[in-house]
Amino acid sequence: MQALQHLKRVVTDWFLCGMFLATFLAWLFPQFGRSGGAMHADVVINVGVFLVFFLHGINLSSEQIGHGLKNWRLHLMVQGFTFMVFPLLWWLGNKVLASQLPALLMLGFFYLCALPSTISSSVALTGSAGGNVPAAILNASLSSVLGIFLTPWLVSLVVGSGSDGIDLGATLLDLCALLLLPLVLGQLLRPWFGRFFTRHKRYTNVVDKLVILLLVYAAFCNSMVSGMWQQQGGSVIAIALVGSALLLALILLLTTRSARALHFSPADEVAAVFCASKKSLAAGAPMAALIFGAHPGLGLILLPIMIYHPLQLIVCSIMAEHYANRPAPLLSQPAPVNAR
């Protein structure tokens, strides 16, 4: 019954419904949102990405991050899973399945594995489960910053760099200009405007999600114009769904076992599992637009993270309730911290 309630909560989420609507509109009106179309997608996306990461920066509390600095074993585990274990699992799967699955879908799964962790959902779920919230804030934030450099580098290892792949140097400069610069700018302006944006955070979250929906729409417009979906068929969606579910199940098993093998406290285990298993669509969609540009297969590349995103919310919200309902002596709950 609880699982059905969590599923209903996710299904009725306007953002997830918006992703379906964005793909449907791309099917109806692909010319409008494609590169060079009337929407001027390249300009709109660049402005939107800059705005999103500025809002992330101004809402990020450096004071809260400072509380979690000492727990280095937890930090190493989370970042190790995010940028090493996930890609390693893809490498093992690619050895077995590369000849049986579409190349672009396999690239999409690798892109999913190379992405940083989420911030908002990792922190929120850790808090609701009685976990170590300061450590979750630190690791999720650190992951987002590291991802600006590590994600394109990891992608370049698979697709190559230079004329045959991505231009890593130019891509890093673009990512720094459109992701890192607004993040730093937001932090610098936080002492003056932080309280204002905190009071209106629900509106800034709406802007964040609307930009992601624009990115999804533009990506699928290019894919529709190229004829990629007509060539691939609907089977790729089923494959992406099964693959994302298996990946999530495996990573949750590995993170839970690893946290217990390292003898983490119950509160640290919660933070480790939720931060190390998450992948960020909020960072993934803007970064994909910068890394892959107007690639006609961008819709297929984004498909795994678009499926993994709601799956991780459903499963981890159920797990958070389980953690929260454990007997009090087994779960040392830290002092409440405002996740904002």
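The following refers to the structure shown. All values reported here derive from a predicted model rather than from experimental measurement.

Focus: helix 15 (residues 281–292)
Along an α-helix, residues three or four apart share an orientation, since each turn contains 3.6 residues.
Step number 1: For helix 15, built from 12 residues, the straight-helix expectation of 16 Å at 1.5 Å per residue is met to within 8% by its first-to-last C-alpha distance of 15 Å.
Step number 2: Counted residue by residue, helix 15 has 11 buried out of 12 residues, so it is predominantly covered.
Step number 3: Those residues of helix 15 not exposed but buried are Leu 281, Ala 283, Gly 284, Ala 285, Pro 286, Met 287, Ala 288, Ala 289, Leu 290, Ile 291 and Phe 292.
Step number 4: Put simply, Ser 280 is the residue that caps the front of helix 15, since its side-chain oxygen is 3.4 Å from the backbone nitrogen of Ala 282.
Step number 5: Positive backbone phi, at 65°, marks Gly 293, one or two positions downstream of helix 15.

What about helix 6 (residues 72–97)?
Step number 1: For helix 6, which comprises 26 residues, the first-to-last C-alpha distance of 36 Å matches the rise-based estimate of 38 Å (1.5 Å per residue) to within 8%.
Step number 2: Along its length, helix 6 shows its largest kink, about 45°, at Phe 81.

Section: the packing of helix 7 (residues 103–114) against helix 9 (residues 133–159)
Step number 1: Contact pair helix 7 / helix 9: the axes reach a minimum separation of 9 Å and the direction vectors enclose 150°. Compared by their axis directions, helix 7 and helix 9 come out roughly antiparallel. The two elements helix 7 and helix 9 cross, and the hand of that crossing is right-handed. Contacts between helix 7 and helix 9 involve Leu 107, Phe 110, Tyr 111 and Ala 114 from the former and Thr 151, Leu 154, Val 155, Val 158 and Val 159 from the latter.
Step number 2: Class assignment for the residues of the contact of helix 7 with helix 9 results in eight nonpolar, one polar and no charged.

A look at the nonpolar core
Step number 1: Counting 93 residues, the largest nonpolar core has Tyr 111, Leu 179, Ile 251, Phe 274, Leu 281, Phe 292 and Leu 302 as its most contacted members.
Step number 2: Tallying contributions element by element places helix 16 (residues 298–324) first for this core, with 14 residues.
Step number 3: Setting aside residues no more than four positions away along its own chain, Phe 274 makes contact with Ser 122, Leu 125, Thr 126, Ala 129, Cys 316, Met 319, Ala 320 and Tyr 323.

A closer look at the packing of helix 6 against helix 13 (residues 235–261)
Step number 1: Look at helix 6 against helix 13: their axes get within 12 Å of each other, and the N-to-C directions meet at 140°. By the angle between their axes, helix 6 is oblique relative to helix 13. Remark: the crossing between helix 6 and helix 13 carries right-handed chirality. Here helix 6 contributes Met 77, Phe 81, Val 85, Phe 86 and Leu 89 to the contact with helix 13, which in turn contributes Leu 247, Leu 250, Ile 251, Leu 254, Thr 255, Ser 258 and Ala 259.

Concerning a nonpolar patch on the surface
Step number 1: The grouping of Leu 21, Phe 24, Leu 25, Trp 27, Leu 28, Phe 29 and Phe 32 at the surface amounts to a nonpolar patch, some 710 Å² of accessible area in total.
Step number 2: If one sorts the elements of the nonpolar patch by residue count, helix 2 (residues 14–28) sits on top with five residues.
Step number 3: Within the fold, Leu 28 resides in helix 2.

Reading the values: the criteria
- Residues numbered from 1 in each chain as written.
- Predicted model: local features only at pLDDT ≥ 70, side-chain atom pairs only at ≥ 80, totals over all residues.
- Heavy atoms only, no water.
- Helix = DSSP H or I, 4+ residues; strand = E, 2+ residues; numbered from the N terminus.
- Expected span 1.5 Å × (residues − 1).
- Buried < 20%, exposed > 50% of the residue type's maximum accessible area, 1.4 Å probe, protein only.
- Polar contact = N/O pair within 3.5 Å; in protein donor to acceptor, adjacent residues only side chain to side chain.
- Bend = angle between axes of the 7 residues up to and from the residue.
- Axes fitted to C-alpha atoms, helices over the stretch in contact; angles between N-to-C directions.
- Parallel < 35°, antiparallel > 145°, perpendicular 65-115°, else oblique.
- Left-handed = near helix turned anticlockwise from the far one by under 90°.
- Contact = heavy atoms within 4.5 Å.
- Nonpolar A, V, L, I, M, F, W, Y, C, P; charged D, E, K, R; others polar.
- Core = buried A, V, L, I, M, F, W, Y, C linked by side-chain atoms within 4.5 Å.
- Patch = residues over 30% accessible without salt bridge, like charges linked within 9 Å, V, L, I, M, F, W, Y side chains within 5 Å.
- Areas by Shrake-Rupley, 256 points an atom, 1.4 Å probe, with all protein chains shown as cover.
- Salt bridge = Lys/Arg side-chain N within 4 Å of Asp/Glu carboxyl O.

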